[in-house]
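Given next are the chains, with one letter for each unit.
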Amino acid sequence: ITLANRFRNASVVDGPIDSLPQISKFLPRPAGVEQRAQTLAHKVLVSYDSRDLPMAPVQGHAVELYFENAGLLGGEVRYERLGASIKGFYPFRKARYVTAWRFGFDGENSDDAPLYEQALLGGKDSLRGFGDARFIDRNKVSYAIEERMKIYTLEAFNVSVDFEVAPFYEAGTVFNRAAKLRVDELHHVGGVGLRSVVRPNVVGAIEVGFSQEGTALFVGIDYPF
């Protein structure tokens, strides 16, 4: 069980690229645009983790259930949020192949929370065929599955570096009310990840995702999940 507190003092302003639509001109204007607000949130997280490694797992499961409240003890933003995340990892042929999947849900009860405090989808860690925070609303649901295939192991200076190729599929959407969740509005992403892994805790990753809006490329460290 984890107890956490978070403080954020933020505002959203127009971006520097004039050729793109400016967010201050949107009608209706999204909450939090050109309006500074302070968020003081308190979170209770209940987790179960049977993975063999926390950063570069090969087998096991991880489950998280969480509740977050903002505004109870201060701050200008008020909401209650409930969410869950479930991950599974299954090795085959002496861990040369690892099937990994994740399911997640997140929802809050406020129509007035700033857009950066709402449910976000898109980016390196979710719907890898879209840019960061491409989809925003009160609630989100997402699913991802990938096959992590070890293609080569480099032994150098008493260190083993595994090179992996991981084709993946993801689906997810955001929605305002549970009654408005529709399967035909899911956004679908396919792609491939290229990773170099030094276990137990070093991962370099290149993720290429394809969606109905084009191709997205992400370079960073750590697995997407």
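Up top is the structure these notes are about.
What counts and what doesn't
- Residues numbered from 1 in each chain as written.
- Predicted model: local features only at pLDDT ≥ 70, side-chain atom pairs only at ≥ 80, totals over all residues.
- Heavy atoms only, no water.
- Buried < 20%, exposed > 50% of the residue type's maximum accessible area, 1.4 Å probe, protein only.
- Helix = DSSP H or I, 4+ residues; strand = E, 2+ residues; numbered from the N terminus.
- Pairing = 2+ DSSP bridges.
- Phe/Tyr/Trp six-rings, centres within 6.5 Å; stacked < 30°, edge-to-face > 60°.
- Lys NZ or Arg CZ within 6 Å of the ring centre and 35° of its normal.
- Lys, Arg positive; Asp, Glu negative; His and termini not counted.
- Salt bridge = Lys/Arg side-chain N within 4 Å of Asp/Glu carboxyl O.
- Polar contact = N/O pair within 3.5 Å; in protein donor to acceptor, adjacent residues only side chain to side chain.

Enquirer: How should the pairing of strand β10 (residues 187-198) be read in this particular structure?
Expert: Remember that side chains alternate between the two faces of the sheet whenever the strand is regular. Across the two faces of β10 the burial differs, with His-187, Val-189, Gly-191, Gly-193, Arg-195 and Val-197 buried and His-188, Gly-190, Val-192, Leu-194, Ser-196 and Val-198 not buried at all. Two elements, strand β9 (residues 159-175) and β10, share 11 bridges in a ladder whose sense is antiparallel. The residue of β10 that forms the bridge with Ala-166 is Gly-193. Summarising the sheet, β10 and strand β11 (residues 202-211) pair through nine bridges and their orientation is antiparallel. Residue pairing across strands places Leu-194 opposite Ile-206, the latter belonging to β11. Between β10 and β11, which follow one another and run antiparallel, lie three residues.

Enquirer: I tried to follow the packing of aromatic side chains on my own but got confused; where do I start?
Expert: Geometrically, a pair of aromatic rings is defined through the distance of the ring centres and the angle of the planes. By the definition in use, this model includes three aromatic pairs. Its end group placed over the ring of Tyr-66, Lys-43 keeps NZ or CZ at 4.6 Å from the ring centre. Across from the ring centre of Tyr-223, 3.9 Å away, lies the NZ or CZ of Arg-148, which sits over that ring.

Enquirer: Just checking my understanding: could you explain the side chain of Arg-102 for this structure?
Expert: Assignment of secondary structure puts Arg-102 in strand β5 (residues 97-108). The buried charged residue Arg-102 lacks any salt bridge partner; its closest oppositely charged side chain belongs to Glu-170, at an N-O distance of 4.0 Å. Polar side-chain contacts of Arg-102 include one of 2.5 Å to the backbone oxygen of Asp-125.

Enquirer: It is not clear to me how the pairing of strand β2 (residues 37-49) should be interpreted in this structure. Could you clarify?
Expert: In the sheet, strand β1 (residues 2-10) pairs with β2 via nine bridges, with the strands oriented antiparallel. Paired with Arg-6 across the strands is Ala-41, a residue of β2. Both β2 and strand β3 (residues 60-70) contribute to a ladder of nine bridges, which runs antiparallel. Looking at β3, one finds that Leu-45 is bridged to Tyr-66.

Enquirer: Would you take a moment to explain unusual backbone geometry for this structure?
Expert: Most of the time, phi is negative for any residue but glycine, and the peptide bond is trans. Each neighbour pair has its own omega, and for Leu-27 with Pro-28 the value is -5°, a cis peptide bond. Tracing the backbone through its elements, the reader meets Pro-28 in the loop between β1 and β2. With omega at 20°, the peptide bond leading from Arg-199 into Pro-200 counts as cis. With respect to the helices and strands, the residue Pro-200 is situated in the loop between β10 and β11. A positive phi angle, near 70°, is found at Ala-95, a position not held by glycine. Among the structural elements, Ala-95 can be located in the loop between β4 (79-92) and β5. Even without a glycine there, the phi angle at Ala-133 is positive, about 55°. Mapping Ala-133 onto the fold places it in the loop between β6 (119-121) and β7 (135-137).

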